[in-house]
Amino acid sequence: LFTDVVKIAEKEGKTVIPLLVPGRSAVSTILSAAIALNADSIYVEVPRRARHDRFLFPFRSFLREWKRNGRLHVPRGKQLAIVAVGDGHEIRIEL
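Residues numbered from 1 in each chain as written. Predicted model: local features only at pLDDT ≥ 70, side-chain atom pairs only at ≥ 80, totals over all residues. Heavy atoms only, no water.

With reference to specific residues and values, describe helix 2 (residues 26-36).
Taken residue by residue, helix 2 has Val27, Ser28, Thr29, Leu31, Ala33, Ala34 and Ile35 as its buried positions. With its phi angle positive at about 60°, Asn38 sits one or two positions after the end of helix 2. (Buried < 20%, exposed > 50% of the residue type's maximum accessible area, 1.4 Å probe, protein only. Helix = DSSP H or I, 4+ residues; strand = E, 2+ residues; numbered from the N terminus.)

Mind laying out the pattern of salt bridges, listing which residues take part and the relevant values?
Should the charged atoms of two oppositely charged side chains come close, the side chains can pair. What the rule picks out here adds up to one salt bridge. Across the pair Arg92 and Glu94 runs a salt bridge whose closest N-O atoms are separated by 3.2 Å. On the accessibility criterion, Arg92 (42% relative accessible area) is partly exposed. By relative accessible area, which is 41% here, Glu94 ends up partly exposed. (Salt bridge = Lys/Arg side-chain N within 4 Å of Asp/Glu carboxyl O.)

Set out below in structure tokens:
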């Protein structure tokens with residue numbers, strides 16, 4: 001899986017550092033790790049040929065977790081974005 005992530009990122013001209021972070025909730029763990037690492041964006045792949053409502057699914061999951069955990073202590077002035085990519089499209093939402 002990590003090899004695939006690196007290959008896809010290189011193909012898109014991006015640099016990634018794959019991490020393995022243990023946790024009970026994938027979305028909560030990803031958000032917490034992104035904040036701890038001072039990340040600007042979290043990229044989520046959407047399956048090919050996804051319907052429009054499926055393309056928005058990652059946003060719903062992250063926004064629900066974001067609200068549930070009281071915005072997870074992002075430093076003042078810091079922005080964190082969720083970026084859904086797939087099938088040649090990219091949608092970015094700032095949290």
